[in-house]
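Working through the structure, step by step
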Amino acid sequence: MDTHQESGICDAAAAIISAFEKRAATDPVKSLIEPLGLGAAYKVQREVVAHLSRSGARLTGRKIGLTARSVQSQLGVDQPDYGALLDTMEYADMDEIPWNTLIQPKIEAEVAFVLERDLDQEGLSMADVIGAVAYALPAIEVVDSRIRDWKISIFDTIADNASSAAYVLGGEPRKIDRFDLRLCGMRIDNAGEPVSTGCGAACLGNPLTALTWLARQMVRLEQPLRAGQIVLSGALGPMVSVTPGEVYEAQVAGLGSVRAVFGK
């Protein structure tokens, strides 16, 4: 990689890191890294996550994004993307999420998988992946682009740690053989009214398909998923913009419910 290319990656990472620190959106970084391909966007992501880790954050798992075929088509890609989950992003059911830590947040209802075995071998099958899952939880992911007005391309969202900000986990673990992950219905309510609906099939046809894709990808990258890590499956329905001071409850059939509370 020549000096000009390295400069583009460094400049993109610096812009996103600055946005994190200032809680202020930045211009898209696509023009800095697009000529280098999607690999450059992931290099930016690694620089951003490394910076957050140096500030004391600890890796807790991964999130899968772009699991809806319609969103893939919109951004011109044919596969999901992924980002890192950090302990500083985690909230429990009904914990208050400080509004001053966010820029332009939206939420998605997802399945959170918690692993009990490493997924580090080549040629992983879906059966291997299912066998490594300890349990699942209902989850709400708070997505929050550091790119101004959500004017994102695939390069921007990958570089921006897959537009991640926080995640909220429900408190009642369920074994995944006790419900149908593909057909499980999902609803997000705010003030008693539904604001998003969907089901497991909205996530690459089945959240387990998304998990298997990620597990294979991370083995190829020599960063395999490990026992104890959390994986967010990807959205089960449309994203929803949120308002300070409001409570949003996601219900997933077979998994129960989880609530995200936003401070004022």
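The structure we're discussing is the one just above.
Each value, and the rule that gives it
Per chain, residue numbering runs from 1 following the sequence as it is written. Local features are withheld for residues below a pLDDT of 70 in this predicted model, meaning they are given only at 70 or higher, and side-chain atom pairs are given and counted only at 80 or more; totals for whole chains, interfaces and linings count all residues. Water and hydrogen atoms play no part in the side-chain values, which are based on all heavy atoms of the structure. Each residue gets one of three labels from its accessible area relative to the maximum for its type: buried under 20%, exposed over 50%, partly exposed in between, using a 1.4 Å probe on protein chains only. Working definition: helices are DSSP H or I runs of at least four residues, strands are E runs of at least two. Numbering for both runs from the N terminus. By this definition, two strands are paired if DSSP reports at least two bridges between them. By nonpolar core is meant a set of buried Ala, Val, Leu, Ile, Met, Phe, Trp, Tyr and Cys residues that side-chain atoms within 4.5 Å join together. Any two residues whose heavy atoms approach within 4.5 Å are treated as being in contact. Pairing of aromatic rings covers Phe, Tyr and Trp, the last counted by its six-membered ring, and requires centre-to-centre distances within 6.5 Å; plane angles under 30 degrees mean stacked, over 60 mean edge-to-face, and any other angle means tilted. One fewer than the residue count of a helix, multiplied by 1.5 Å, yields its expected span. One speaks of a salt bridge when a side-chain nitrogen belonging to Lys or Arg is within 4 Å of a carboxyl oxygen belonging to Asp or Glu.

**What to know about the pairing of strand β12 (residues 247–252)**
Taking every second residue as pointing to the same face, the buried face of β12 carries Y248, A250 and V252, while none of V247, E249 and Q251 on the other face is buried. In this sheet, β12 lies alongside strand β8 (residues 185–190) in antiparallel orientation, the contact comprising 5 bridges. Looking at the pairing, D189 lines up with E249 of β12. Two strands pair when backbone bridges link them, and β12 and strand β13 (residues 256–262) are joined in this way by 6 bridges, in the antiparallel orientation. Its bridge partner being in β13, Y248 is matched across the sheet by A260. A loop of 3 residues connects β12 with β13, the two strands running antiparallel in sequence, and G254 in this loop sits at a positive phi of about 90°.

**Comments concerning the nonpolar core**
Inside soluble globular proteins, nonpolar side chains tend to come together where they are buried. Core analysis: the biggest nonpolar cluster contains 83 residues, and I33, V44, I107, F113, L225 and F262 have the highest contact counts within it. If near-sequence neighbours (up to four positions away) are discounted, F262 is found in contact with E96, I97, W99, L102, I107, V142, V242, T243, P244, G245, E246 and Y248.

**Observations concerning the environment of D120**
Looking at where D120 falls in the secondary structure, it is placed in the loop between β5 (106–115) and α5 (126–132). Accessibility expressed as a relative area gives 40% for D120, which makes it partly exposed. Remark: the alpha-carbon pair of D120 and P105, spanning 15 residues in sequence, is separated by 34 Å. Filtering out sequence-adjacent residues up to four positions away, D120 remains in contact with V219, P224 and R226.

**Quick notes on the packing of aromatic side chains**
Scanning all chains against the criterion turns up 3 aromatic pairs. Between the aromatic rings of Y42 and Y82, the centroid separation amounts to 4.5 Å while the plane-to-plane angle is 15°, which identifies the pairing as stacked. Of this pair, Y42 sits in helix α3 (residues 38–54) while Y82 is found in strand β2 (residues 81–86), placing the two residues 40 residues apart along the sequence. As far as burial versus exposure is concerned, Y42 and Y82 are alike and both buried. On the numbers, 5.9 Å between centres and 80° between planes, the contact of Y248 with F262 is edge-to-face. Of this pair, Y248 sits in strand β12 while F262 sits in strand β13, and the two are 14 residues apart along the sequence.

**Notes on the side chain of H51**
Along the chain, H51 turns up in helix α3. The class of H51 is buried, set by a relative accessible area of 19%. When near neighbours in sequence (up to four residues on either side) are disregarded, H51 contacts I17 and E21.

**A few points about the sheet that holds β8**
Judged by pairing direction, the sheet is mixed, and its 5 strands sit side by side in the order β4-β13-β12-β8-β9 without closing on themselves. Of all the strands in the sheet, just β4 (96–97) and β9 (193–199) have a single pairing partner and so form its edges. Two elements, β8 and β9, share 6 bridges in a ladder whose sense is antiparallel. Residue pairing in the sheet places G185 in a bridge with C199 of β9.

**Description of α3**
Look at α3: 25 Å from first C-alpha to last across 17 residues, which is about the 24 Å you get at 1.5 Å a residue. The set of residues buried in α3 consists of A40, A41, Y42, V44, Q45, V48, V49, H51 and L52. In the segment just after α3, G56 is the residue with positive phi, at about 115°.

**Describing the pattern of salt bridges**
Under the definition given, this model contains 9 salt bridges. The residue K30 makes a salt bridge to E34 at a minimum N-O spacing of 3.9 Å. The class of K30 is partly exposed, set by a relative accessible area of 30%. Residues D160 and R146 are paired through a salt bridge, measuring 2.7 Å at the closest nitrogen-oxygen approach. One end of the pair, D160, is in the loop between α6 (154–159) and β7 (164–169); the other, R146, is in the loop between β6 (133–143) and α6, with 14 residues separating them in the sequence. Exposure class is identical for D160 and R146. Each is buried. Shared partners join several salt bridges into a network, and the residues in it are D118, D120 and R226.

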